[in-house]
Amino acid sequence: MQINHSLKFLKRKLGLSLLLVSWLSACGGGDTAVVQNPAPPPVDTSPITYSGPVAATADVQQFKLALWDNISSKERCGACHVQDQQSPFFARNDDINQAYSVANVLVNLMSVQDSTLVTKVASGHNCWLTSHSACADIMTTWISNWANVENNANEIILEAPLAKEPGANKNFPASNELFSTTVYPLLETYCANCHTNSATIPISPYFASSDISEAFDAAKARIELDNPANSRFVGRLRDEFHNCWSDCANNANDLIIAIQQMADAIELTQLDEKLVNSKALTLFAGTLATGGGRFEKDVIAKWEFKAGSGSTAFDTSGVEPAMNLNLNGQYSWINGWGIQLVKGKAQSSTASSKKLYDLITATGEFALEAWVVPANVTQEGPARIISYSGGAESRNFTLGQTLYNYDAQLRNSNTDNNGQPALSTADADEDLQASLQHVVLNYDPINGRQIFVNGVFTEDFDNTAAGDLNNWNSTYAFVLGSEVSGEFPWAGSIRMVAIHNRVLSTEQISQNFAVGIGQKFFLLFDVSDITQIKQSYVVLKASLYDSYSYLFSEPFFISLDENATIDPVQLKSMRIGINGREAAVGQVFVNLDTSINQADYLAGQGQSLSRLGTIIPLEKGAEWDEFFLTFEQLGNQTNVVIEANPPVPAAAIDLAPQADIGLRNFAEINASMAALTGVSQNNSAVKSTFEQLKQQLPAVTNMSSFLASNQMAVTQLAIKYCDQLVESSALRTAFFSGFDFSQAASTAFINQDKNLIFNPLNNRILGQNLNVQPEPTAVETELDALLERLTDCPQGKVCDANYTKTVVKALCAATLGSAAVTLQ
């Protein structure tokens, strides 16, 4: 990385405009009449048919295809910016060459996000969606497609923030009592018809919830204690006229008074004078660092969930028709881009979803890419994460979850209409975790289905032959979450989804994983006055981790003055402060003890201080939380911090004696039976039985938890493995070598040596020369007794060759389902 008067970091050429998250606020509720916002007038969405002169150059034609075709309709720029109407005439429909000449002045092909066309719609000028940021993202994509801008890495230039001393702040109290007597009564009275989880159509956030704690947590980010008139609650009524209950100005003033009453009862938090502290700044005062370098050449649909409020997630791929998703059920928006589903879903219309059918069947391949956070590892069904589906039993594709596994169901010429058999990640690998993960499902007619987690192929190979997609159904709908209410719901967070109509290569997947997700900033904490080095900063990468916390990581020291001399500066025990006090948790940098010096300082890059990261709780909200750094030593200034004595550890308690042996859990039992019999875990009959019995099999290894129902499940699984072993001629011959299965059961075990059955069961399932396994002779005695009972063939009982197989299956299952296999 190089610098021109300041540090430059990697960034995509097309970039993203700095878009503040809109916080959803007051909504009408209670029994009081609510004045609804008037609906916008209808717009003419009919496409423009161009019949003017042909494009003079290839670039003019590229302009037409990438930009003009998308903006020239009357619902967009074609309503005004055409010939004989409003200048500039960049959407004129009489001469594409003249439109091209005008448009060139309004775009910046070297920095697309700075184009006038982008900044105008970002500010709300004739945005055709309810989200200005979505319009800006889509316009950026169209202009980038005209410029043929690839999503390569570019530079981020660190910009010095306005120097500001950490100020005295008012912070929310731990108790919700004050909130309940000031602001909450207004919210409960006028907003409960929408902003509660029990509303007919619940709209997140639930700041009018009957649960005061839930309402208080949701309201904090919308209340500005230091300046009540700037509160988001107030702005929604005063400036946006959002569901006022009478007069919007008066209603906004009522909220200002209530918030002021709450603020007046809270004491200021003064900064401790002994602290050695940096200057302060808020998250959005930092330099936008949201990554570039994503590979998106073949993206046909994309959702980044930047709106932050409302009931629509916008498709910002720029590929028409836009597959905007309607959110309903239990959902909420995540600060820093994303949605959280509990029993909710986000679904596109069948008409717009047909885009997937048209563009994917045309290539016969695709990649489904997502950043997800499963809420837990106990969901199954599989629980539906992302689907293109017609219902609970029919789909074109689904990415789902079963416990620790990702499941990929895909309809093609070699699978059924439900995409079965599915491809699942291996139980033993536990690829799915309840944490932020980048997941890619690739499909092409050569390699079939492939799953990648966090940039790495899971090495689960598709045993179903790849086929064509000619049997896809064009009437299905794309959905995040369960396609049918109440059936196989998925709980978790989705931060981004993209669909490509080509597979992603391993390198492209790694590239997109490395870029990361969400809105990130470089926060430059000014320490120039302390270090005596011009324009010197300690910089941390910061982002909203979720709706409740911030992520700070990878601090480094930098001077934005390229001529600065880096004299040695000792830095020790750095802490993060928020709203006038050091954060009570997350102080991972407290162990820093390093020297900033010329030898370790790299021009244009600075000096790395740590590769660690930490989570700091969100307090007032991303717009208002003020951060600063403190040090026990920085240069010549010190503040000795004496840590409190740790609490005396509790006296150790002797636990009840634990067994020396334990049980294999469900995954281990399944893997063991497959290894012992030679029958694959992916055998369709075995896999189906295992899925049915999984919950009944042992989940933990503690002996005291073993129940009779567990043993029944073990027995049934053993029977299925032995059934598949004996029914396979190849496996049967290899396992029971020399035994003739064509003889009737009445004579097969008399005319032949029974040890041809007993010995393989003993040697392969119980093992040899093991001190902890049953005595082979004792096992043979038990098996022989079982054999005698099974081959007692009185008149009328059919003891033919088929029954010979049944007897061997029973002997096998008795051995395979015994404690010799389940214990460990």
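Please refer to the structure placed before this passage.
Residues numbered from 1 in each chain as written. Predicted model: local features only at pLDDT ≥ 70, side-chain atom pairs only at ≥ 80, totals over all residues. Heavy atoms only, no water.

Considerations on the state of the cysteines
Thinking step 1. Across all of its chains, the model carries 4 disulfides by this definition.
Thinking step 2. The disulfide partner of Cys 244 is Cys 248, and the gap between their sulfur atoms is 1.9 Å. On the sign convention where negative means left-handed, the S-S torsion of about 105 degrees between Cys 244 and Cys 248 marks this disulfide as right-handed.
Thinking step 3. For Cys 722, the disulfide goes to Cys 812, at an S-S distance of 2.0 Å. For the disulfide bridge between Cys 722 and Cys 812, the dihedral angle about the S-S bond is near -70 degrees, and by the sign convention the bridge is left-handed. With a gap of 90 residues between them, Cys 722 in helix 15 (residues 708-727) and Cys 812 in helix 20 (residues 801-816) connect regions that are remote in the sequence.
Thinking step 4. Exposure remark for Cys 722: the relative accessible area of 0% places this residue in the buried category. (Disulfide = S-S within 2.5 Å. Helix = DSSP H or I, 4+ residues; strand = E, 2+ residues; numbered from the N terminus. Buried < 20%, exposed > 50% of the residue type's maximum accessible area, 1.4 Å probe, protein only.)

Comments concerning the packing of aromatic side chains
Thinking step 1. Inspection of every chain in the model, using the stated rule, returns 30 aromatic pairs.
Thinking step 2. Three or more aromatic residues joined by ring pairs make a cluster, and in this case those are Phe 366, Tyr 388, Phe 397, Tyr 443 and Trp 472.
Thinking step 3. Sitting above the plane of the Trp 337 ring, Lys 306 keeps its charged end 4.5 Å from the centroid. (Phe/Tyr/Trp six-rings, centres within 6.5 Å; stacked < 30°, edge-to-face > 60°. Lys NZ or Arg CZ within 6 Å of the ring centre and 35° of its normal.)

Details of unusual backbone geometry
Thinking step 1. The step from Glu 320 to Pro 321 runs through a cis peptide bond, and the omega angle for that step is -5 degrees.
Thinking step 2. Of note, Pro 321 is situated in the loop between strand 9 (312-313) and strand 10 (325-328).
Thinking step 3. Omega for the peptide link from Gly 381 to Pro 382 comes to -5 degrees, which places this bond in the cis form.
Thinking step 4. Relative to the helices and strands, Pro 382 resides in the loop between strand 14 (366-374) and strand 15 (383-391).
Thinking step 5. The backbone of Glu 430 sits at a positive phi, close to 50 degrees, despite the residue not being glycine.
Thinking step 6. Located in the positive-phi region is Phe 488, a residue other than glycine, with phi close to 55 degrees.
Thinking step 7. With respect to the element layout, Phe 488 can be found in the loop between strand 22 (477-481) and strand 23 (492-500).
Thinking step 8. Under the relative-accessibility criterion, Phe 488 is labelled partly exposed at 28%.

Structural notes on the pattern of salt bridges
Thinking step 1. Considering all chains together, one arrives at 31 salt bridges under this definition.
Thinking step 2. With a shortest N-O distance of 3.0 Å, Asp 69 and Lys 64 are connected by a salt bridge.
Thinking step 3. Its relative accessible area of 35% is what places Asp 69 among the partly exposed residues.
Thinking step 4. Notably, a salt bridge pairs Asp 137 with Lys 306, separated by 3.0 Å at the nearest N-O pair. (Salt bridge = Lys/Arg side-chain N within 4 Å of Asp/Glu carboxyl O.)

Some remarks on empty space enclosed by the protein
Thinking step 1. The tally for this structure, following the rule as stated, stands at 4 cavities of 30 Å³ or more.
Thinking step 2. Roughly 80 Å³ of internal volume is contained in the second largest cavity.
Thinking step 3. Around the second largest cavity, the lining comprises 13 residues; the ones closest to its centre are Ala 134, Phe 305, Lys 306, Ala 307 and Thr 316.
Thinking step 4. Secondary structure elements with two or more residues in the lining of the second largest cavity: helix 4 (132-147) and strand 9.
Thinking step 5. Take the lining of the second largest cavity: its biggest share by element is 3 residues, from helix 4.
Thinking step 6. Of the residues belonging to the lining of the second largest cavity, the class tally is 6 nonpolar, 4 polar and 3 charged. (1 Å grid on protein atoms, 1.4 Å probe; cavity = no way out; pocket = protein on both sides within 12 Å on 5 of 7 lines; lining within 4 Å. Points joined across faces, edges and corners; volume = space filled by probe spheres on them. Nonpolar A, V, L, I, M, F, W, Y, C, P; charged D, E, K, R; others polar.)

By themselves, these are just geometric observations and shouldn't be taken as functional.
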